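Each chain, letter by letter, is given below.
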Amino acid sequence: MHITSAEIRSKYLEFFKSKNHAVIPSASLVPENDPSVLFNTAGMQPLIPYLLGERHPSGVRLADVQKCVRTGDIDDVGDDTHLTFFEMLGNWSLGDYFKADSIAWSWEFLTDKKWLALDPRMISVTVFEGDENAPRDEESATIWKSLGMPTDRIAYLPVEDNWWAAGPTGPCGPDTEIFYYMGEGLPPAGSNKGTDSKMWMEIWNNVFMQYNRVDEKTLVNLPAQCVDTGMGLERCTVTLNHMKSVYETDSFAPVLARIREIVGESNYNEKSARIIADHTRAATHMIADGVVPKNVDQGYILRRLIRRAIREFYKMGYEQAILSEISRMYIAQFEGIYESVKMNKEKILEELKREEEKFGKTLKDGINQLRKIVQKKKFNDECYLEDKFPKSKEQIDLIRLNEFSGYDAFNLFETYWFPIEMVEEELSHNFANYGLQKPMTVGKEDFYEAFQKHQELSRTASEGKFKWGLADSWVETTALHTACHLMLAGLRKVLGDHVHQAGSNITSERLRFDFTHGEKVNPEQLKAVEDYVNEAISARSTMVMTEMDKAEAQRTGVSGSFWEKYPDIVKIYTMTGANGTVYTRELCGGPHVETSEGMGVFKIQKEEASSAGVRRIKAVLVK
Ligand code: SER
């Protein structure tokens, strides 16, 4: 059997239409109203408000294909499975059907002759084994059995496998996952995901969204029981066709063939071609959704993808702007499916061309810089050799004659996006262009050492970025973080001790703070909270950090949430006014301002419901 991704996509939607689902269009890759993530990373992300209880205009049964981008594993792209852009097929019940229909329909779609017609003997499933939050999911197991799933093909697995949540807070619940056997022939009796993990590939995940995680300790029921299913289209296509890699599927195979044609058989490199194919596909959709190459946020990710793709062309010895030609193939593939692609055809090609030109110029500057460094190195080597004193072999090794420094190669990479392979290429094949008599080697070990250090640093930085939402300005975010503490103290004073932090997100412009409280905070109360914070600011308060035994801190009534996340010795931040008043004393990892001077005036802009029992405040510091 061979089935294309295009067929799976359209069959999927057709099937759920036949079950009275409204087919809704994919949301943009760029999330609306959620600055904490750059791109939608799962089908459920744009539907979170509806899972939390808001009414969806298209009804309570929805089906869609959602565009997603994940860049966490960007360095793995080029292997058989990792992609930056992918499509997630999903069907949704917003307080309508639950486990029985969801599971029965998955089974019907996968195995019925009219739909995917998979051999039921090749399928196994997992269900949640239960923990202190939610019971063992016997209900799902019983439904599977009633459909004919043998008991030994059902594995009960723990929270790490069978619990799904988009983030640390928000809608979540147990899931049942469906797997396809990857071995030769039929799976042996007793084989399932629990006994034989590697042989089974996940093709579908049915999440029973029943809960809302308010904070690490608190799980509340959602207003209604919902279903969120997700079937990764590319992975599903690979699995169902028993292919080895996503690049064999109909979305990629013709693109790879075209790249092979463009660069020529002898220059072709499979990994480079895969990176180009993946990155161009992602870039095409990002531009279609309004992202343009920039040095920050979504635009930076886009720029990185485009430049990485161009570099791969260069590595294969092809130095013309060409991504737009590859993109054309994707436009043809997707314009019938996504309105965004159809509407922005010209813009996609223009943006790609513009960035190609810009990058071409950057690379030229890089070549000039390379030339300068090589000349200097050549001069130094000559001086050294001409020096009359005799030289030992050790001395000669030390100066590394005729070796281009790995650190210089790294600087070229960092400043001009110039890959080390290109430095090597230039100095081994085109050395005569640099006035060299023979090829010059490159200090690769030093390059990789510098590169790794850089990656560690940028990983730390991006973790920081995640933690602080989209923070790009340290000073502003730090002040807003301090304001969060003062506001929490104010809220507890005005509303009572039941108020705890349930989540927060800070950008350089504003803070967003979720806290436990059952009803709307009225304007007088909000004003009182504002006054409290502003009093603390104008009291010329100073923030002092002390370390304390965690048990003692809890005993002495320090406020804080997520205690279990902290080590045994904890940091307590206390802000005290010049008048001696303690305005806040809270457990935290920092950072905070040292004094309240210059923080500005605290202003609450919005107070609204976030989820059941949780309110959300957005506030700013006006300078
Ligand atoms: N949210 C689940 C997932 O992404 C199911 O759609 O796997």
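Residues numbered from 1 in each chain as written. Predicted model: local features only at pLDDT ≥ 70, side-chain atom pairs only at ≥ 80, totals over all residues. Heavy atoms only, no water.

### Overview of the packing of aromatic side chains
Rule in force here: Here a Phe, Tyr or Trp ring, Trp counted by its six-membered ring, pairs with any other such ring whose centre lies within 6.5 Å, and the pair is stacked when the planes are under 30 degrees apart, edge-to-face when over 60, and tilted otherwise. Helix numbering and strand numbering both begin at the N terminus, where a helix is a DSSP run of H or I of at least 4 residues and a strand a DSSP run of E of at least 2. To sort residues, take the accessible area from a 1.4 Å probe on protein chains only and compare it with the maximum for the residue type: under 20% means buried, over 50% means exposed, and anything in between is partly exposed.
Enumeration over the complete set of coordinates arrives at 30 aromatic pairs. With a centroid separation of 6.3 Å and an interplanar angle of 80°, the aromatic rings of Phe85 and Phe334 are classed as edge-to-face. Taken together, the positions of Phe85 in strand β3 (residues 85–94) and Phe334 in helix α10 (residues 323–334) put the pair 249 residues apart, joining distant regions of the chain. You'll find Phe85 and Phe334 in the same group, each marked buried. Between Tyr181 and Trp200 the ring centres are 5.1 Å apart and the planes differ by 55°, which places this aromatic pair in the tilted class. Of this pair, Tyr181 sits in strand β7 (residues 170–181) while Trp200 sits in strand β8 (residues 200–213); the two residues are 19 residues apart in sequence, bridging distant segments of the chain.

### Remarks on the site of the ligand
Basically, it comes down to this: Nearness is defined per residue: one heavy atom within 4 Å of the molecule or strand is enough. We call two N or O atoms a polar contact when they sit within 3.5 Å, provided that within protein one can donate a hydrogen and the other can accept it, with sequence-adjacent residues counted only if both atoms are side-chain atoms. Each accessible area value is a Shrake-Rupley result obtained with a 1.4 Å probe; residue values ignore everything except the protein chains displayed when judging cover.
Around the ligand lies a shell formed by Ala42, Met44, Met88, Trp164, Asn205, Val207, Asp228, Thr229 and Gly230. The side chain of Trp164 places a nitrogen or oxygen atom 3.4 Å from an oxygen atom of the ligand. In the complex, 95% of the free accessible area of the ligand, which totals 230 Å², lies under the protein chains. For the shell around the ligand, the elements supplying multiple residues, two or more each, are β8 and β9 (219–232). Broken down by element, the shell around the ligand gets its largest block of residues, three residues, from β9.

### What to know about the confidence of the model for the protein
Defined as follows: Confidence scores labelled pLDDT are given residue by residue by the predictor and lie between 0 and 100. When checking whether two residues touch, look at their non-hydrogen atoms; a contact exists if any pair is within 4.5 Å.
Confidence in the prediction for the protein averages 89 pLDDT; 95% of positions are at 70 or higher. Confidence drops under pLDDT 50 across residues 461–472; counting only partners more than four residues distant or on other chains, this segment forms 16 contacts.

### Overview of unusual backbone geometry
Its identity is not glycine, yet His242 carries a phi of approximately 50°, on the positive side. Relative to the helices and strands, His242 resides in the loop between α6 (233–240) and α7 (253–263). Overall, the relative accessible area of 40% leaves His242 in the partly exposed class. One non-glycine residue, Arg540, adopts positive backbone phi at about 50°. Mapped onto the elements, Arg540 comes out in the loop between α18 (523–538) and β14 (542–549).

### Here's the deal with the sheet that holds strand β16 (residues 582–587)
Here is the rule: At least two DSSP bridges between two strands are required for those strands to pair. Simply put, an axis is a line fit to the C-alpha atoms, just over the touching stretch for a helix, and the angle between two N-to-C directions goes from 0 to 180 degrees.
Ordered by their spatial adjacency, three strands build an open sheet running β14-β15-β16, and the pairing between neighbours is antiparallel. Of all strands in the sheet, those bounded by a partner on one side alone are β14 and β16. Strand-to-strand twist across the sheet, computed as the mean angle between neighbouring axes with direction ignored, equals 20°. Here strand β15 (residues 569–576) runs beside β16; their pairing, made up of five bridges, is antiparallel. Among the inter-strand pairings, Met575 is bridged to a residue of β16, identified as Thr584.

### A look at helix α15 (residues 420–429)
Our working definition: Arc, as used here, means the arc of the directions from the helix axis to the C-beta atoms.
By the burial criterion, the buried members of α15 are Ile420, Met422, Val423, Glu426 and Leu427. Looking down the long axis of α15, one finds its buried residues gathered within 160° of arc, a one-sided arrangement.

### Observations concerning the packing of helix α3 (residues 99–111) against helix α4 (residues 138–146)
Where we set the bar: In these notes the angle categories are as follows: under 35 degrees is roughly parallel, over 145 is roughly antiparallel, 65 to 115 is roughly perpendicular, and the rest is oblique. Take the far helix as the reference: if the near one is turned anticlockwise from it by less than a right angle, the crossing is left-handed, and if turned clockwise, right-handed. Under the scheme applied here, ten amino acids are nonpolar (Ala, Val, Leu, Ile, Met, Phe, Trp, Tyr, Cys and Pro), four are charged (Asp, Glu, Lys and Arg), and all others, including Gly, are polar.
At a minimum axis separation of 10 Å, α3 and α4 run at an interaxial angle of 40°. Accordingly, the angle class assigned to the pair α3 and α4 is oblique. Once α3 is placed against α4, the crossing between them reads as right-handed. On α4, the residues touching Lys99, Ala100, Ile103 and Trp107 of α3 are Glu139, Ser140, Ile143 and Trp144. In the contact of α3 with α4, the residues fall into five nonpolar, one polar and two charged.

### Focus on the pattern of salt bridges
Proximity of charged atoms lets side chains of opposite charge pair with each other. To be explicit about the condition: Any Lys or Arg side-chain nitrogen found within 4 Å of a carboxyl oxygen on Asp or Glu counts as a salt bridge.
According to the stated counting rule, one finds 36 salt bridges in the structure shown. For Asp365, the salt bridge identified is with Lys361, shortest N-O distance 3.2 Å. Linking Asp365 with Lys361, this pair stays in helix α12 (residues 345–386), spanning four residues, or about one helical turn. Here Lys444 ties to Glu424 by a salt bridge, and the two come within 3.3 Å at their closest N and O atoms. You can see Lys444 sitting in helix α16 (residues 444–467) and its partner Glu424 sitting in helix α15, a full 20 residues away along the chain. Note on Lys444: relative accessible area 36%, which makes it partly exposed. Where salt bridges share partners, they join Asp80, Lys244, Glu270 and Arg274 into one cluster.

### Things to note about the nonpolar core
The condition is simple: By convention a nonpolar core is built from buried Ala, Val, Leu, Ile, Met, Phe, Trp, Tyr and Cys residues, the set being connected through side-chain atoms within 4.5 Å.
Leu110, Trp144, Ile259, Met286, Phe313, Phe404 and Leu427 are the most contacted members of the largest nonpolar core, which has 114 residues in total. In terms of residues, this core owes the most to one element, helix α8 (residues 270–288), which gives nine residues. Residue contacts for Phe313: discarding those within four places in its chain leaves Ile259, Ile262, Val263, Ile276, Tyr318, Ile322, Leu323 and Ile326. Formed by 35 residues, the second largest nonpolar core is a distinct cluster that contains Ala489, Leu511, Phe513 and Val521.

### Observations concerning the environment of Leu412
With respect to the helices and strands, Leu412 occurs in helix α14 (residues 406–416). We classify Leu412 as buried; its relative accessible area is 1%. Separated by 101 residues in the primary sequence, Leu412 and Arg311 have C-alpha atoms spaced 13 Å apart. Apart from the residues within four sequence positions on either side, Leu412 is in contact with Gly366, Gln369, Leu370, Ile373, Phe404, Trp417, Phe418 and Val423.

### Brief notes about the sheet that holds strand β12 (residues 501–506)
Hydrogen bonds between backbone atoms are what pair the strands of a sheet, whose relative direction is either parallel or antiparallel. An order of β12-β13-β18-β17 is seen for the four strands of this open sheet, with the pairing classed as antiparallel. At either margin of the open sheet sits one strand with a lone partner, and together these are β12 and β17 (601–611). Recorded for the sheet is a direction-independent mean angle of 20° between the axes of neighbouring strands. In terms of strand pairing, strand β13 (residues 511–516) meets strand β18 (residues 614–622) through six bridges, oriented antiparallel. By the bridge assignment, Thr516 is partnered in β18 with Val614. Along the sheet, α18 contacts β17 and β18; its crossing angle with β17, the most-contacted strand, is approximately 140°.

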